[in-house]
Structures are given as C-alpha cells and as structure tokens.
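Chain by chain, the residues:
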Amino acid sequence: MTEDPTARDASAAILGAELPEGARFVGPIPGLAPRWREGDHPTDADLATCVACGLCLPHCPTYRLTGEESASPRGRIAAMRLVAEGRADPDATFARFMDLCLACRACEDVCPSHVPYGRMIEAARVQIEPLRPAPERWLRRLGLGVLARPRLLSLAVRLQPLARQFLPARTRRLLPRRSRERRLPPVLEPRGEPRGTVALLTGCVQDRWYRSANLAAARVLARGGWRVLVPRDQACCGALHAHHGHLDAARALAERTITTFRGADAVLVTSAACAAHLSEVGHLLGTPEAHAFAERVEDVVRFLARNGLEPPPAGLGPVRVAVHDACHALRVSKIREEPRALLALVPDLELVEIPSGDVCCGAAGLYTVLQPETSDALMRAKAEAVAATGATLVASANPGCTLQISAGLRALGSDAEVLHPVEILDRAYGR
Ligand code: SF4
Ligand code: SF4
C-alpha cells in the first residue's frame, strides 16, 4: 500500500512543534524579571487585555496631535509591557510617554477588549514619580498636599490676590478669581413635599473657585423636594492625587471621604471628575465598604435628571447653550443625555452641540500646568469649536474644564459665559 502524501506526523499537529531551535512565540522572555519599582504598577492581567488592534488610535487626542505611536494608547501599553517583561526600565523615556497622556480615557471607551486603561495609567504614573527632579517632586507634593488640607487650601485661596503677581503669566491667565459666595449651610430644607435626604460633596477646587455651582446644586435640589446635608468636615476626594501618581494619598483621602459620608443614602457630587473618581473607589481600596460607598455616589446632574424636576416657569430669554461633556463624565460615568435633558426644561433655551465635542479640552487635572504646549493646542481647538456654535452660554460640569474653556474663550475675545448646568437651571428658577 502506498503512503498518503497528505497524511502528517502526529507531532506536527502540536502548535509550535516545527519551530526552528531558538525561535519562540512573541511573549515574555523566560528568565527576565519585571523591572517595576516598589509600589503600584499596572498588573499583568490588565496589560494582557490589550490585543494591540489599534482601534483606539484615531480617538486618542495626543496621537492625533503628534502622529507618534509612543503618544498613543497602544504605544503606552507596549511601553508598560516592556517593563513588566523585564525588557526596559521605567526611565525618563517611559515617563515622557506616560506624562503626555491626558488620562481622558477616550481609548478605553472604544476598546473592543475592554482594556482598563484608566487604572493602568494611574498605576504607571506611580512608577515615574521617583524619577522627577527633587524640586519638581516637592512642588507636586506641596500642591497636592495643600488641596488635601481644607484649612491650608482656604488660606492659599485667600492669599491668591497677593500671590497672583508672582505666578507665571500663563498660570495667572488660567486661574479664576476665588468665589465670593458664603459657605453653604450645613442643611438646606426641601421646598414642598419632601422626597428624601441627600448629602452634597462640594469638592476642593469646585468649592473654592466655583462655589456658585455648589450653591446652585443645593438650591435646585431643595426646590426639587430634597433635604440637602453638607458635611462640614469633608476634604478633597483625591481624584487629582490618583491621576498624578499619588495613589497612596488618593487612598487616604478616599478613606476619609467614606468616613465623612458614612450614613448618607446618596452622595451627590457637582464636579464631574470627582464623581467619576469616587465611583471607582471600590477598585482603589478593594474593601466591601468602599464598594458600597461607590454605589451611593452619583453625579448631581444624573441624580436630578433621573429623579425629575418641575420645569422653571420662565426662561432666561432666548439663549443658545453649548453643552460640553467632561471626559470622565462621558467615559466613566457614561453621562451624556442627562445635562441636555435638564437644560431642555428651561423655556426658550436652544441647545447646540460642540463640533468634535467628545475630544478632551486639555484641562485633565494638572495637565494644563504640566504639559502647557499640548494643553494649549487642545484648549484653542475646543474654544474655537465652542465659538463656532455662536452660543453665549456653555454648560460645563467639571471645574477643570470650566477653567480651561473660559481661558480659551477669553483668548479668542469671546465673552461667552461657562456655567455648571445646575447654575443655568438655578438662574431660570430664580426668574
Ligand atoms: S487598548 Fe484596546 S483598542 Fe487600543 S490597541 Fe489595545 S486592544 Fe486595541
Ligand atoms: S487616556 Fe486619552 S490621551 Fe491617554 S492614551 Fe487614552 S485616549 Fe490617549
């Protein structure tokens, strides 16, 4: 009987059995150890989720600006993998790749593999903190330390008019005037039939520079029938610390926030980025209490839209409002329709969309100070897109974005006002 030429040796059916000696499939090199420093770093399980398909690239603002693979999500994840596989150090080049990222999470939103990019970049940034020159390291520590201490922060804000003249021109241009409004009362009683009790997290930046948004939120909630508690001993939630490589400080601040709001059924947050950060503290702390707390946190915009409000009897006159979606509201909290639904309650208010509205405005926490060139390019593009709508009001639910878009519009000579959506509602109710 003649041998069938198509019949194959049984061993050839084993994947890789015919590889020449020394050849191997792509993957970790045996014998090499990870080169992470002590402390947080991206986990192997998270790194393994990226299949390097590149679908996220066109959505990444830094890739779109530079065209560089190293400024793309895939490139950054590849750099993290090299360190995890022991083929590179978390060095100055690695730091440059990670620093340029806005942590806007546009990549995460479109990723078919559900890569948890947000927590990967936060952990990768912990690794690069020790690399920074000492003065920069201490400056960052000082800035984030002041934010975490309410009394020091209040003092710094009071000294702002004096300190302003010593600040670099760019920072001076960006920095808003401090809020003149008085502190929120510890309790606001509901109007009409009570619907329940909520606690308001007022935030650090939001409450010192944009307190009017907190006041408006409290008034709109009370008008809607909610009793509003404003705990006195609240501090920064730690979102900025987490985004900028200080995860231990972020954990301590999250613990403190959980303690402050223990017993509150609903914790409402006016700053979109803080709401998004607190919705993820379950992962950050890994305790059952943190997971339960995260369930009780809600962006005030979503809470109001979900629970419904009586429309204001009169509007602000014919007014065109452009809605800005903060990256973390859009990608983490998945909030898009809610601010539009709330603003549509105001009579005579015309809502308009900002062209390429889902692209980051370049504020990104401290990014505006740390990466001025890229931040300015994104700020300019956003301000031009807003101006093109002809809107006289911009609805923005995140203090960083409000600061950035206001500065961008001022630079264009536009006098469009940037307000939190609840401020626009509150103004309409006040008529
Ligand atoms: S992050 Fe997601 S979309 Fe981007 S390359 Fe990796 S798997 Fe693809
Ligand atoms: S978080 Fe934003 S800037 Fe960073 S890689 Fe993803 S899309 Fe690009």
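Above this note sits the structure.
Predicted model, so just to flag it, every value in this text is computed and none were measured.

Q: Please explain the sheet that holds strand β2 (residues 196–201) as it appears in this structure.
A: In sheet architecture, strand pairing relies on hydrogen bonds along the backbone and comes in two forms, parallel and antiparallel. If you trace the five strands from one edge of the open sheet to the other, you get β1-β3-β2-β4-β5, paired in mixed fashion. The outermost strands of the open sheet, each flanked by one partner alone, are β1 (187–188) and β5 (297–299). Two elements, β1 and strand β3 (residues 226–229), share two bridges in a ladder whose sense is antiparallel. From the neighbouring strand, Val-187 faces β3, where its bridge partner is Leu-229. In the packing of helix α18 (residues 300–307) onto the sheet, contacts are made with β4 (267–269) and β5, and the angle to β5 comes to roughly 85°.

Q: What is the right way to read unusual backbone geometry from this model?
A: Both trends apply: most residues other than glycine have a negative phi, and most peptide bonds are in trans. A positive phi is found at His-114, a non-glycine position, where the angle reads about 55°. If you trace the backbone, His-114 turns up in the loop between α5 (106–110) and α6 (117–128). On the basis of neighbour counts, which here come to 8 C-beta atoms within 10 Å, the residue His-114 falls in the exposed class. The backbone phi angle of Lys-334 is positive, close to 55°, even though this residue is not glycine. Along the chain, Lys-334 turns up in the loop between α19 (327–331) and α20 (337–343). The exposure class assigned to Lys-334 is partly exposed, which follows from the 13 C-beta atoms found within 10 Å.

Q: How should the packing of helix α4 (residues 92–99) against α6 be read in this particular structure?
A: Geometrically, a packed helix pair is captured by the angle between its two axes and the distance between the axes. At their nearest, the axes of α4 and α6 sit 10 Å apart, and the two run at 140° to each other. As α4 runs across α6, the sense of the crossing is left-handed. Every residue of α6 that contacts α4 at Phe-94, Ala-95 and Met-98 is listed here: Ile-121, Ala-124, Arg-125 and Ile-128. Split by residue class, the contact of α4 with α6 holds six nonpolar, no polar and one charged.

Q: What should I look at first to understand the site of ligand 1 in this one?
A: Cys-50, Cys-53, Cys-56, Cys-111 and Ser-113 are the nearest of the 14 residues found near ligand 1. Per element, the largest residue contribution to the shell around ligand 1 is three residues, and it comes from helix α3 (residues 73–84). Class assignment of the residues belonging to the shell around ligand 1 gives a composition of eleven nonpolar, two polar and one charged.

Q: Explain the site of ligand 2 to me, please; I cannot follow it from the model alone.
A: The immediate surroundings of ligand 2 are formed by 14 residues, with Cys-60, Pro-73, Cys-101, Cys-104 and Cys-107 found nearest. For the shell around ligand 2, the secondary-structure elements that each account for two or more residues are α2 (61–66), α3 and α5.

Conventions we followed
- Residues numbered from 1 in each chain as written.
- Chains lettered and ligands numbered in written order.
- Predicted model: local features only at pLDDT ≥ 70, side-chain atom pairs only at ≥ 80, totals over all residues.
- Pairing = 2+ DSSP bridges.
- Helix = DSSP H or I, 4+ residues; strand = E, 2+ residues; numbered from the N terminus.
- Contact = placed C-beta atoms within 7 Å.
- Axes fitted to C-alpha atoms, helices over the stretch in contact; angles between N-to-C directions.
- Buried ≥ 20, exposed ≤ 12 C-beta atoms within 10 Å, placed from the backbone.
- Left-handed = near helix turned anticlockwise from the far one by under 90°.
- Nonpolar A, V, L, I, M, F, W, Y, C, P; charged D, E, K, R; others polar.
- Near = placed C-beta within 6 Å.

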